[in-house]
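Residue-level structure breakdown
Now for the letters of each chain:
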Amino acid sequence: MNKKPIGIFDSGVGGSSIWKEIHKLLPNEHTIYLADSKFAPYGPKGSKKIKELSIKNVELLLSKECKVIVVACNTATTNAIAYLRGHYDIPFVGIEPAIKPAALNSKTKIVGVLATKGTLSSALFHKTASLYGHDILKIEQEGEGIVELIESGNLYSVEMTRLLKNYLEPMIKANIDYLVLGCTHYSYLIPILKDLLPKHIRIIDSGQSVARQVKSILQTNHLINFQFTPGRNKFFTNGNPEVLTSLLGNHFNVDFLDF
Ligand code: DGL
């Protein structure tokens, strides 16, 4: 069982930012990554549809004998992980906007959250936000259009800069000192965000903590692969393989698969 792969899925290419952290921490593990780009973005789709799509991805990863599944998508985690955990006998690791560290460390007690509509409107996000963020002011912003630009290979574009300036302006005016990135696609925006944000505003991205959580789940369940050679990494997309290949630095093959 411990030689089986770690399965990872996202609504598209964004979860590859999480895959990178997992691969850095656990280089000898085999991995399978699914980019459901044909159905991206999940954000505007509504909870029922997001659940259906998540089940489809999980079934495919299970057919490839994954030992643990990482839901590398805030939107799928906040809308579907409770269902998935209740219906499949395999460990799941998810990702949610990291309100807690932002709330604990903020000096201005004003924190920005950039996430999808599906995440911001979910019951799980509201629960986490009221648990850890009750004594701070949260400026929530839906990142409409960002996922679409990244999925179409237009990460560095005039349109992206325009959208981000619009989304960040109210947060900067409100005096945030932390910006929480609540979507795995947004990790790829960090270089652009650093240019657009005043230097004192810290960006919080949860990729590394998800990777640590994956390691801890593997340890607890005795699922660590103790081989001494690098793991095999397979990437599948039902969209344009070139977009994912380029985000992976052209170091890996991405196969098209119609799922
Ligand atoms: N990467 C997904 C997330 O973390 C993007 C969601 C979407 O497709 O709208 O939420």
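Coordinates for the structure precede this section.
Below is a short write-up of the structure. (Residues numbered from 1 in each chain as written. Predicted model: local features only at pLDDT ≥ 70, side-chain atom pairs only at ≥ 80, totals over all residues. Heavy atoms only, no water.)

1. Things to note about the environment of valine 68
Along the polypeptide, valine 68 turns up in strand E3 (residues 68–71). Relative accessible area serves as the criterion here: at 0%, valine 68 is assigned to the buried category. On a C-alpha basis, the gap between valine 68 and lysine 215 in space is 11 Å, while along the polypeptide they are 147 residues apart. Excluding anything up to four places from it in sequence, valine 68 contacts Pro5, Ile6, Gly7, Ile90, Pro91, Val93, Ile217 and Leu218. (Helix = DSSP H or I, 4+ residues; strand = E, 2+ residues; numbered from the N terminus. Buried < 20%, exposed > 50% of the residue type's maximum accessible area, 1.4 Å probe, protein only. Contact = heavy atoms within 4.5 Å.)

2. A look at the side chain of serine 16
In this structure, serine 16 sits in helix H1 (residues 16–25). Only 2.5 Å separates the side chain of serine 16 from the backbone oxygen of valine 13, close enough to count as a polar contact. Ignoring sequence-local partners within four residues, the contact set of serine 16 consists of Tyr33, Tyr188, Leu244, Leu247 and Leu248. (Polar contact = N/O pair within 3.5 Å; in protein donor to acceptor, adjacent residues only side chain to side chain.)

3. A look at helix H2 (residues 47–63)
The terminal C-alpha atoms of H2 lie 24 Å apart, and with 17 residues this matches the ideal 24 Å at 1.5 Å per residue to within 8%. Within the sequence span of H2, burial applies to Ile50, Leu53, Ser54, Asn57, Val58, Leu60 and Leu61. With its buried residues spanning 160° around the axis, H2 presents them on a single face. Among the exposed residues of H2, those oriented more than 90 degrees off its buried face are Lys48 and Ser63. Where H2 is buried, its residues touch strand E1 (6–10), strand E2 (31–35), E3, helix H3 (74–87) and strand E4 (92–93). (Expected span 1.5 Å × (residues − 1). Arc of directions from axis to C-beta.)

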